[in-house]
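Below, each chain spelled out in residue letters.
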Amino acid sequence: MVKNRQFLKHLAAIILGIICLLPLNACAEASKTASSDTIYQQRTVHNPDGTGKFYMGREIAQVMGYQGASWLERPSRGMEDKSARLVNNLDLKPTDIVADIGAGTGYFSFRIAPLVPQGKVLAVDVQPEMINFIKLNKQEKNIANVEPVLGSIDNPNLPENSVDLVVMVDAYHEFAYPREMMQGIVKALKPGGRTVSIEYRGENPMIPIKGLHKMTQKQVKKEMAAVGLVWKETKDMLPQQHLMVFEKQSQI
């Protein structure tokens, strides 16, 4: 069995070497695929609410599409999730540059914007339809310091060292490429910048949210540590979610 594994590793190296004799972009793509295969595992037997793609022992949840925009803007959301309490516990400064990753319709972006009057909110989403919703809401609400940003599934498309705070509200568990996305987020953060992860509590089976759309503190800490973020505190003042604060160290 060991010999077979060694043979397969040697064979894979030879194949990659042959591919790298092709044009440079083909080699780079092959290397990326090989690297991705070591980070993620695809399984045929999996939770129907998941993608079958696993990262650090966790199955990645299916993305809620733009068709769910009305649910994000439901009138009862503020009361159910204590949205105002969440925003007030982000410890914002008036000059902060905030990135709302997985912004959806901009529900939280437009609630954060008034608290950063000398700063701005970068409302990032990977779905063009959601970006259109944000643009419409920006026009309707007449809020100038919210900027829609179309990200990709493995990159938030933000400038390096440009952001004071990253906020991810019930979004991270759906990232198709969490390692690459978080690496892009870390690059975008200024030294000492913070990432706030808000997820429904995976430790509590009584919270009426599908299992893959919840995360435990232990799992979130493990995945943030993998990209060099340091846990600072967890605030449990929300009825159903953890608000976890991580910091980028100056040497990253």
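Everything numeric here is computed off the predicted structure, so don't read it as measured data.

S.K.: Please give an account of the nonpolar core that cites residues and values.
M.R.: Soluble globular proteins: nonpolar side chains tend toward being buried together. One finds Ile101, Leu158 and Met182 to be the most contacted residues of the largest nonpolar core, which totals 30 residues. Counting only elements with at least two residues in this core, the list comes to β4 (97-101), β5 (120-125), β7 (163-169), α8 (178-188), α9 (217-225) and β11 (241-247). Residue contributions to this core peak at five residues, all from α8. Residue contacts for Leu158: discarding those within four places in its chain leaves Ala99, Ile101, Leu122, Val124, Val149, Val163 and Ala188. In this structure, Val116, Val167, Val169 and Leu238 belong to the second largest nonpolar core, which totals 25 residues.

S.K.: Please set out the layout of surface pockets residue by residue, giving values where relevant.
M.R.: In this structure, the largest pocket encloses a volume near 820 Å³. Residue lining of the largest pocket: 38 residues in total, with Val63, Met64, Asp170, Ala171 and Glu174 positioned closest to the centre. Looking at the lining of the largest pocket, the elements that each hand over two or more residues are β2 (50-55), β3 (58-61), α3 (69-72), α4 (77-81), β4 and β5. Grouping the constituent residues of the lining of the largest pocket by class yields 21 nonpolar, eight polar and nine charged.

S.K.: Tell me about the sheet that holds strand β1 (residues 40-42), and please be specific about residues and values.
M.R.: Across the sheet, three strands lie side by side as β1-β2-β3; this open sheet has antiparallel pairing. Unpaired on one side and paired on the other, β1 and β3 mark the two borders of the sheet. Across the sheet, the mean angle separating the axes of adjacent strands is 40° when strand polarity is ignored. With three bridges connecting them, β2 and β3 associate as antiparallel partners. Bridge assignment links Phe54 to a residue of β3, and that residue is Glu59. Strands β1, β2 and β3 of the sheet are contacted by α8, whose axis makes an angle of about 150° with β1.

S.K.: Requested: an account of α9, with residues and values cited.
M.R.: Buried within α9 are the following residues: Gln217, Gln219, Val220, Glu223 and Met224. Along α9, the residues classed as buried sweep out an arc of 165° about the axis, all on the same side.

S.K.: Outline the pairing of β2, supporting the account with residue identities and numerical values.
M.R.: With five of its six residues buried, β2 lies for the most part within the structure. Across three bridges, the pairing between β1 and β2 is antiparallel. Paired with Gln41 across the strands is Phe54, a residue of β2. In this structure, the hairpin formed by β2 and β3 is closed by a connection of two residues, where Met56 is found at a positive phi of approximately 50°.

S.K.: I'd like a rundown of unusual backbone geometry, residues and numbers included.
M.R.: Despite not being glycine, Asn142 has its phi angle at roughly 55°, a positive value. Looking at the secondary structure, you find Asn142 in the loop between α7 (128-141) and β6 (146-150). For Asn142, a relative accessible area of 70% translates into the label exposed. The backbone of Asp170 shows a phi angle near 50°, a positive value even though the residue is not glycine. Within the fold, Asp170 resides in the loop between β7 and α8. Judged by relative accessible area, Asp170 falls into the buried class, the value being 16%.

S.K.: Go over α7, please, and point to the residues and values.
M.R.: If you check α7, its first and last C-alpha atoms are 20 Å apart, about what 14 residues at 1.5 Å a residue would give, namely 20 Å. Residues of α7 that are buried: Met130, Ile131, Ile134 and Asn137. Down the axis, α7 shows its buried residues gathered within 120° of arc, on one side only. Across from the buried face of α7, at angles greater than 90 degrees, the exposed residues are Leu136, Gln139 and Glu140.

Analysis parameters
Residues numbered from 1 in each chain as written. Predicted model: local features only at pLDDT ≥ 70, side-chain atom pairs only at ≥ 80, totals over all residues. Heavy atoms only, no water. Core = buried A, V, L, I, M, F, W, Y, C linked by side-chain atoms within 4.5 Å. Buried < 20%, exposed > 50% of the residue type's maximum accessible area, 1.4 Å probe, protein only. Helix = DSSP H or I, 4+ residues; strand = E, 2+ residues; numbered from the N terminus. Contact = heavy atoms within 4.5 Å. 1 Å grid on protein atoms, 1.4 Å probe; cavity = no way out; pocket = protein on both sides within 12 Å on 5 of 7 lines; lining within 4 Å. Points joined across faces, edges and corners; volume = space filled by probe spheres on them. Nonpolar A, V, L, I, M, F, W, Y, C, P; charged D, E, K, R; others polar. Pairing = 2+ DSSP bridges. Axes fitted to C-alpha atoms, helices over the stretch in contact; angles between N-to-C directions. Arc of directions from axis to C-beta. Expected span 1.5 Å × (residues − 1).

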